[in-house]
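# Coordinates in review
Below, each chain spelled out in residue letters.
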Amino acid sequence: MTAELDEIRDFLDQAPDLAELPAPARAAMVRRLTLRYLRHGAAFPPAENGDGLWIVHTGAIELFDAGDTLCDRLGEGDVARVTGGECAATGSGGHARVTEDALVYHLPQARAEDLALHHPALGDFLRAPGGLSAPDNDDCGDMGERDNLGTADGRTTLLTTPVASLMSPQVLQADAGISLREAARRMTGADVSALLLQDGEPPGRPAGMLTDTDLRHVLAEDIPPDTPVRERMTRELVTVTGDTPAFEALLEMARRDIHHLPVMEPDGERLAGILSGTDLIRHQGTSAIHLIRDLRRAGSPAELSLRMQALPRLQQQLSEAGVDALRCAQVLTLVIDTLTRRLLELAEERLGPAPATWTWLASGSQGRHEQLAHTDQDTALVWADDAPDEAEEWFAALAREVTDGLDACGIRRCPGGVDPTHAAWRGPERDWHAAFERVFTRPDAQDARLAAHYLDLRVIHGSHSLFTPLRQQALELGYRHESIHTAMALQARELRPPLGFFRRFVLEHDGEHSPALDLKRRGLLPIVALARVCALRARADARSTPERLRASAHAGILTDDTARELEEAFRFIAGVRARHQAGRIAAGQSADNHVDPTTLTGLERSRLKAAFVRVAQAARASLGGEGQA
Amino acid sequence: MSTAMASPGQACPFARAAAWFSPGYWRFCRARNRARLQTPAGPLRDCLETPPPAPAQAVARTRFLAVDIETTGLEPEQDAILSIGWVALEGTAIDLATADYVLVRPDREVPEQSAVIHHITDEHAARGVDVGEALDALFRALDGRVLIAHHAALELGFLARACERRYGTRPPLPVVDTLRLAETARRRAGRPVSAGGLRLHALRGDYNLPPRRTHDALLDALGAAELFAALVAERDPTGALALGRVLFRPARLW
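Conventions adopted
- Residue numbers run consecutively from 1 along every chain, following the written order of its sequence.
- Think of it this way: whatever chain is written first is A, whatever ligand is written first is 1, and the rest follow in order.
- With the structure being a predicted model, the display of local features is reserved for residues of pLDDT at least 70 and the display and counting of side-chain atom pairs for 80 or more, all residues being used for whole-chain, interface and lining totals.
- The pairing criterion is simple: DSSP has to find at least two bridges between the two strands.
- A run of DSSP states H or I qualifies as a helix once it reaches four residues; a run of E qualifies as a strand once it reaches two. Both are numbered from the N-terminal end.
- All axes are obtained by fitting lines to C-alpha atoms, using only the stretch in contact for helices, and the reported angles, taken between N-to-C directions, cover 0 to 180 degrees.
- Whether two residues are in contact is decided by their C-beta atoms, placed from the backbone, lying within 7 Å.
- Exposed residues have 12 or fewer other C-beta atoms within 10 Å of their own C-beta, buried residues have 20 or more, and partly exposed residues fall in between, where C-beta atoms are placed from the backbone.
- Expected span of a helix: the number of residues minus one, times 1.5 Å.
- For the purposes of this description, domain bounds are those given by an automatic or database domain assignment.
- For this classification, the nonpolar set comprises Ala, Val, Leu, Ile, Met, Phe, Trp, Tyr, Cys and Pro, the charged set comprises Asp, Glu, Lys and Arg, and every other residue, Gly included, is treated as polar.

With that out of the way, let us pick up the sheet that holds strand S9 (residues 194-198) of chain A. Working definition: the strands of a sheet are paired by backbone hydrogen bonds and lie parallel or antiparallel to each other. Residue and element names in this part refer to chain A. One open sheet holds the three strands; their spatial order is S8-S9-S10, and the pairing between them is mixed. Each edge of the sheet is formed by a strand with only one pairing partner; in this case those strands are strand S8 (173-175) and strand S10 (208-211). Across the sheet, the mean angle separating the axes of adjacent strands is 35 degrees when strand polarity is ignored. With three bridges joining them, S8 and S9 adopt parallel strand pairing. Directly across from Gln-173, in S9, lies its bridge partner Leu-196. The strands touched by helix H6 (residues 180-190) within the sheet are S8, S9 and S10, with S9 carrying the most contacts at an inclination of about 130 degrees.

The following block contains the structure:
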């Protein structure tokens, strides 16, 4: 006789914190649970033998750490792990209390361990609360749930598909000695748009490539058709190997504005095939290439602004194609970089030649390659010290034109005034050196924010030689001066993630609820700030958050585990944000960063909460004591 | 059955001694002993062999079995048992591992109305067991435990009638009635008592317990168990409440 306790299984199935477990493990839990009723005011866990998992069905329980600070409030469907009579979430010396009469389910430790023998996923769940790493090889096959997450599933997307499965393995090849006419005939005969050319030996690696575009130039420039191909072919070939993800190839094409990539065998010596833009188009997701090309060719700010209307759609497409959120941000940053460059070129055409060499810089998310469609400008302008005095006027005009242009293209003006229309964000090199010197060596209370911007700066257009010394100065001074570490650590500590969720709300540290979660401010920026200050201590020349975390681990500033966990948390939160924004764009709304917790799936909720906890722990561990620098 | 249960006498010698001064308990034990002698060997006999817990024993140390019996009507003489569900408690901790139920093949026609209420069809009933087998299973689970039921008089009436038919005796059983407990709690708190307000699902709402599907013997038994845990927690935050304070004593049995 087996009794039906479907109601309790249904409840477990809907508990957000348990969403990570495969359904059979949840079903097997039901008959191993005990139920208890805990009265308002009672201590939690209720008595001896309280070890194991606790699941709240009704009521509320508040958890406090050893310092008597609220660290979580558990409501319906929330889970607490208890070992040695203490909640894992409170740490040792913490305590917990029932704040609303509660009906709770208890999976005693012994039964949980017994069950874990049959359901390994439960064992992992007991050991590593709220694991962030996607269960790649997990045999439970709960595809439905992972699909909700939209990441790391087995679908072949542009991202995961290797180039080898998209390329044309039949490559038209010829000797570089043939004439242009002969080459054109062969290409027409084979109906291909690219011809790879061998020049003597070795016969493996092609010496050059001739494409339709080259033939167009030949016609336009009146080159005699008898000219050997050798003289017109592209010699420095950009190649990829067959196992390169198609998405990388796409980025490469977009970056270099080319449409053909020879694909090599893994040894790099033999030709395996050729990948064209068309091959990728067949597979979707090429709009990034097209958009970038359109931006490059746009003749006016008005045209740029028209083209840029496609940006949110591009973000949505990438997200829906399963592109990882950070990669997606790289693509969008590339688009916005291209837009900025084109605006600068157009402005320069209108304003006449520049009075001195100059560099346009981007900071913030653009500087870190972490930009999305919903963004604002963080930019700066540096020019050479030898500029005449009246040069400032020209540069101010350039700044105005470009900031206005970006604003018209949907990249809003920075509310914090970080753009070169403000005198603080434009100037000759010497002024910048002086500003860096002051901020990094004698920072006052507001300077942590400035330093953060300085450290995220990246060249978008213009002379790299102007910026390289500034970058070196920032890294050097930042590494040497304790005071700026302290100021930035303080700033990073203030950016705290929330505690988690309670019922339909976001639970804040003071026990208050907010109706929405700002994924950028409360989710991503705490990790960004933490990574920035750690990278500074590690003297690492990295800008993107994952790179900074890895460099910090390499330099021993963070432990490998902490760095990995933070990177996972960063990726995960970025993923939630990307899906949220894709959903809003699809619904015709503007992409924003505010998520209503009720729209999150159970798995997203529990993993977000786990991510918040890890970020808070990492911040305490690496920002708490200043002596580690 | 686990060995965790110490016999009540060993657990609390004073309680046992005190029980001798309680005429109710003494009468109850005598009646139970008489019934035991009349009962043929089997689960009910085993159940009656186990000494009942002393009234002074703490609820927290007592083992319970929450039971719900679904029937075709309210008259033990005329109506039939359709299903029995139960779940055991150690003190006030409900152990779902022990949750069980039996469908009973009715020994008479099921009125259409109650078939609708209990989702029982003829086919469903045909898969059920004989009422005697159902009683055996129940008494095996009840051994060493105090019975909990919501509106226990009904459960006891049907049980007594069924036992009379099956074993030729009406066993005196220690029982907790959650409806009576709730009624006492409401009177003590000075709140009005109405018949509707004492229904299981209405009371569950008062104690912040989640709604459960009703007219399912197992879920109703679980519901009564949860309500019992809530009532004890309300009345006794310290965990020292004596069993005698919650036992239901119809004059005939106690």
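So that's the structure; there's more coming.
This brings us to unusual backbone geometry. Residues and elements named next belong to chain A. Cis geometry is adopted by the peptide bond preceding Pro-45, which originates at Phe-44 and carries an omega value of -5 degrees. Tracing the backbone shows Pro-45 in the loop between strand S2 (43-44) and strand S3 (52-64). In this structure, Asp-68 takes a positive phi of about 65 degrees despite not being glycine. Structurally, Asp-68 can be placed in the loop between S3 and strand S4 (70-74). Residue Asp-68 is classed as exposed on the basis of its 9 C-beta neighbours within 10 Å.

Turning our eyes to something else, we now look at helix H19 (residues 482-494) of chain A. Residue and element names in this part refer to chain A. A rise of 1.5 Å per residue sets the reference length of H19, with its 13 residues, at 18 Å; its end C-alpha atoms lie 19 Å apart and thus fit the reference within 8%. Those residues of H19 not exposed but buried are Ile-484, His-485, Ala-487, Met-488, Ala-489, Gln-491 and Ala-492. On its buried face, H19 is in contact with helix H16 (429-441), helix H17 (447-456), helix H18 (464-480), helix H20 (519-537) and helix H23 (602-623).

Turning to the domain arrangement of chain A, a few remarks are in order. You'll often see interface size given as the accessible area lost when the parts meet. Residues and elements named next belong to chain A. The assigned domain composition of chain A is domain 1 (6-129), domain 2 (163-244 + 254-275), domain 3 (288-480) and domain 4 (487-628). Placing the centre of domain 1 and that of domain 4 at their C-alpha centroids yields a distance of 25 Å. The interface is formed by 13 residues belonging to domain 1 together with 12 residues belonging to domain 4. With four residues, S4 is the largest single contributor of residues to the side of domain 1 that touches domain 4.

Across the contact, 22 residues belong to chain A and 24 residues belong to chain B. Those elements that provide at least two residues to the side of chain A that touches chain B are strand S1 (34-38), S3 and strand S7 (95-108) of chain A. A total of five residues in the side of chain A that touches chain B trace back to one element, the largest contributor, which is S1(A). When its residues are assigned to classes, the side of chain A that touches chain B shows 10 nonpolar, four polar and eight charged. As paired elements, S1(A) and strand S3 (residues 93-103) of chain B share two bridges and run antiparallel to each other. Paired with Leu35(A) across the bridge in S3(B) is Ile94(B).

Here we come to the pairing of strand S12 (residues 260-264) of chain A. Residue and element names in this part refer to chain A. Burial runs high along S12: five of the five residues are buried. Bridge analysis of strand S11 (residues 240-241) against S12 gives two bridges, and the strand direction is parallel. Across the sheet, residue Val-240 finds its bridge partner in S12, namely Val-263. Bridge analysis of S12 against strand S13 (residues 271-276) gives five bridges, and the strand direction is antiparallel. What sits directly across from Pro-262, in S13, is Ile-274.

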